[in-house]
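The residues making up each chain are set out below.
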Amino acid sequence: MRPNTRYLLVLLLCACGGPLFASEDSRMVLSGDVSAIYKAGDFLLWTPKERKERTGGATMSAATSMTSASGSRPSVEDSVNVIAKAPLDAEGRFTLSVDVAEPKVVFFYVINGLGHEGQRFAPTKGQSFIMEAGELHLRIQSSHPRFIIEGGFYNDAVYNSWKLSEAFLETASTMHRLNKPVEGESETERRSRVDGAAEAASRMYELETEGRSEVATTHPDPMVRRLVIESAWLHGPWLLEAVRGLAEMVPDDPWAQAQLEREEAFAEKRAAARRISTGTEILDFTAETLDGESVRLADVRADSRYVLLEFWASWCGPCRVEIPHMKEAYATHKPSGFEIVSFTIDNDREDWELASDEEDIPWLNLGMGEDADAPKAYSVYGVPKNYLVESNTGEILATDLRGHHLDEKLKELLGG
């Protein structure tokens, strides 16, 4: 940040009562309780080695079980910038202290995680908060929201202003309740419950978007606005509006100007993506499997009746939650001519390999990267995203089919 921008920030912070970061030796003391999920492990605070903005993403659940046959755990410390690390004590708690020059978005993992039933957990991606001076407390829950940061001017403004609202908490509680199977429920009751959970999840996204938009477009502190933008994973028109406002607020800040260019490019991508929809024709591409085999989508269509083209990523929670169900649909309908082609927008081959191994993906598993030909052709800016295609005509019959909605469509087309 340039000196004149920092001066503007100091004036605004003084005006609105926010904390100042004039001292380079300010410290954050973070205490945490993760005992709702873990009984052992290490808390790791980190930032990406190369901060590459993604076209979309999703926050995974508070913990994701390892599913690889070997039970081995991935090593992540070499692939990130480790800020601090602290072991969990016998009660699932930790404390760490770090210097904070100015507030910034950081991520955390629990590595070497061990659950109360002895199960091992993989590090969960997508969990972020604001590192800022002061005494903060992190609490992981078994329900939604998965974790809460208490204390801190910037965490309250950026996250808690919407995350701890009555509407968000009630909707999160509803989704958590509906996601739990009910003993003895009929298939009709199960599908109704699943649809209700999906509706609650959608409403949570709406509430988060509304909350972030309000803060990012009205808050008097430009640092708060920037942190909302930096921590956002929900892209949409609101984000472009927020960046435009920030760029006007701090016209000499090169970060804001660069972000404005990026969001304007995303707006064009979203418009292009809307043109690929039900009733339009599938776009062909060629990509490689993990083994280096070249696969052309047109050739897959020639050997099938219907193809589900699925864009996903290792860090996308909803993508991976859906994989077990997709496996069931694949096993049921593949003999009748159903094929799945997945394409990962992971930019790191190791992430793609690890997730593919953990999920034991049985269909054509192609990649990789958000800048590859396939996601560029489809203007993919968020995952999961899928297209169900009639092979002989290339027509897109449906988009974003999940759970029993995929089952119902495949039964309509293929019977069974």
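Here, the structure is the one placed above.
Worth saying up front: this structure is predicted, and the values here are computed from it rather than measured. (Residues numbered from 1 in each chain as written. Predicted model: local features only at pLDDT ≥ 70, side-chain atom pairs only at ≥ 80, totals over all residues. Heavy atoms only, no water.)

*Asks:* Can you help me understand the overall build of the protein in this one?
*Replies:* Within the protein, the regular secondary structure consists of 12 helices and 17 strands. Looking at the 416 residues of the protein, the share that counts as buried comes to 50%. Partitioning the intrachain contacts of the protein with sequence separation of at least 6 by distance along the chain shows that 73% fall at a separation of at least 24. A total of about 19100 Å² of accessible surface is found on the protein, and carbon and sulfur atoms cover 48% of it. (Helix = DSSP H or I, 4+ residues; strand = E, 2+ residues; numbered from the N terminus. Buried < 20%, exposed > 50% of the residue type's maximum accessible area, 1.4 Å probe, protein only. Contact = heavy atoms within 4.5 Å. Areas by Shrake-Rupley, 256 points an atom, 1.4 Å probe, with all protein chains shown as cover.)

*Asks:* Looking at this model, I keep getting lost on the packing of aromatic side chains. Mind explaining?
*Replies:* Two aromatic rings, taken as a pair, are described by how far apart their centres are and by the angle between their planes. Counted under the stated rule, the structure contains 17 aromatic pairs. Their ring planes at 25 degrees and their centres at 5.0 Å tell us that Trp-46 and Phe-107 sit as a pair that is stacked. Remark: Phe-107 occurs in strand S6 (residues 104-115) and Trp-46 occurs in strand S2 (residues 38-48); sequence separation between them is 61 residues. In terms of burial, Trp-46 and Phe-107 fall into one category: buried. Between Phe-108 and Phe-129, the ring centres sit 6.2 Å apart and the planes meet at 55 degrees, which makes this aromatic pair tilted. (Phe/Tyr/Trp six-rings, centres within 6.5 Å; stacked < 30°, edge-to-face > 60°.)

*Asks:* Even after reading the chapter, I still don't get the side chain of Arg-193, so can you show me in this structure?
*Replies:* With respect to the helices and strands, the residue Arg-193 is situated in helix H4 (residues 187-218). There is a polar contact of 3.4 Å between the side chain of Arg-193 and the backbone oxygen of Lys-180. (Polar contact = N/O pair within 3.5 Å; in protein donor to acceptor, adjacent residues only side chain to side chain.)

*Asks:* Quick question: what am I supposed to make of the sheet that holds strand S10 (residues 147-150) here?
*Replies:* Two pairing modes exist for strands in a sheet, parallel and antiparallel, and in both the strands are linked by backbone hydrogen bonds. One open sheet holds the four strands; their spatial order is S5-S1-S9-S10, and the pairing between them is mixed. Pairing within the sheet leaves two strands with one partner each, and these edge strands are strand S5 (93-99) and S10. If you compare each strand with its neighbour and ignore which way they point, the axes differ by 20 degrees on average. Judged from the seven bridges that link them, strand S1 (residues 27-33) and S5 form a sheet pairing that is antiparallel. By the bridge assignment, Gly-32 is partnered in S5 with Phe-94. (Pairing = 2+ DSSP bridges. Axes fitted to C-alpha atoms, helices over the stretch in contact; angles between N-to-C directions.)

*Asks:* In this structure, what is going on with the state of the cysteines? I would like to understand it.
*Replies:* What is meant by a disulfide is a covalent connection between two cysteines, made through their sulfur atoms. Considering all chains together, one arrives at one disulfide under this definition. Between the sulfur atoms of Cys-316 and its disulfide mate Cys-319 the distance is 2.2 Å. Handedness here is read from the sign of the S-S torsion; for Cys-316 and Cys-319, about 80 degrees, the answer is right-handed. In this structure Cys-316 comes out as buried when scored by relative accessible area, which is 0%. Judged by its relative accessible area of 1%, Cys-319 is buried. (Disulfide = S-S within 2.5 Å.)

*Asks:* Help me out: how do you make sense of helix H5 (residues 222-231) in this one?
*Replies:* Each α-helix turn comprises 3.6 residues. Residues three or four places apart therefore point the same way. For H5, the tally of buried residues reaches 10 of 10 residues, placing the bulk of the element in the interior. One side-chain oxygen at the N-terminal end of H5 lies 2.8 Å from the backbone nitrogen of Met-223; it belongs to Asp-221.

*Asks:* Is there a simple way to think about the pattern of salt bridges in this case?
*Replies:* Side chains that differ in sign of charge can pair as their charged atoms come close. Going through the model one piece at a time under the given rule, you end up with 22 salt bridges. A salt bridge links Arg-193 to Glu-185, with the nearest nitrogen and oxygen atoms 2.7 Å apart. For Arg-320, the salt bridge goes to Glu-359, with nearest N and O atoms at 2.8 Å. Here the residue Arg-320 occupies a position in helix H9 (residues 317-333), and Glu-359 occupies one in helix H10 (residues 349-359), the gap between them amounting to 39 residues. (Salt bridge = Lys/Arg side-chain N within 4 Å of Asp/Glu carboxyl O.)

*Asks:* Just checking my understanding: could you explain the nonpolar core for this structure?
*Replies:* Soluble globular proteins tend to bury their nonpolar side chains together. Of all hydrophobic cores here, the largest spans 58 residues; its most connected members are Met-28, Leu-30, Phe-43, Leu-45, Leu-96, Phe-129 and Leu-138. Looking at this core, the element that brings in the most residues is helix H6 (residues 237-249), giving seven residues. Grouped together as the second largest cluster of nonpolar side chains are 46 residues, Ile-282, Phe-338, Ile-361 and Val-389 included. (Core = buried A, V, L, I, M, F, W, Y, C linked by side-chain atoms within 4.5 Å.)

*Asks:* In this structure, what is going on with the environment of Asp-303? I would like to understand it.
*Replies:* Mapped onto the fold, Asp-303 is located in the loop between helix H8 (297-302) and strand S13 (306-312). Sequence separation between Asp-303 and Gly-337 is 34 residues; the distance between their C-alpha atoms is 7.8 Å.

*Asks:* When you look at the environment of Ala-377 in this model, what are you seeing that I'm missing?
*Replies:* Topologically, Ala-377 is positioned in helix H11 (residues 373-377). Setting aside residues no more than four positions away along its own chain, Ala-377 makes contact with Ile-276 and Leu-283.

*Asks:* Teacher, can you tell me more about unusual backbone geometry here?
*Replies:* Note on backbone geometry: most residues besides glycine have negative phi, and most peptide bonds are trans. A cis amide bond, omega -5 degrees, links His-144 with the succeeding residue Pro-145. Within the element layout of this structure, Pro-145 appears in the loop between strand S9 (134-140) and S10. Note the cis peptide between Val-383 and Pro-384, where omega equals 5 degrees. Looking at the secondary structure, you find Pro-384 in the loop between H11 and strand S16 (385-390). Even without a glycine there, the phi angle at Asn-112 is positive, about 55 degrees. With respect to the helices and strands, Asn-112 occurs in strand S6. A positive phi angle, close to 50 degrees, is found at Asp-360, a residue other than glycine.

Any functional reading would require information that these geometric values do not contain.
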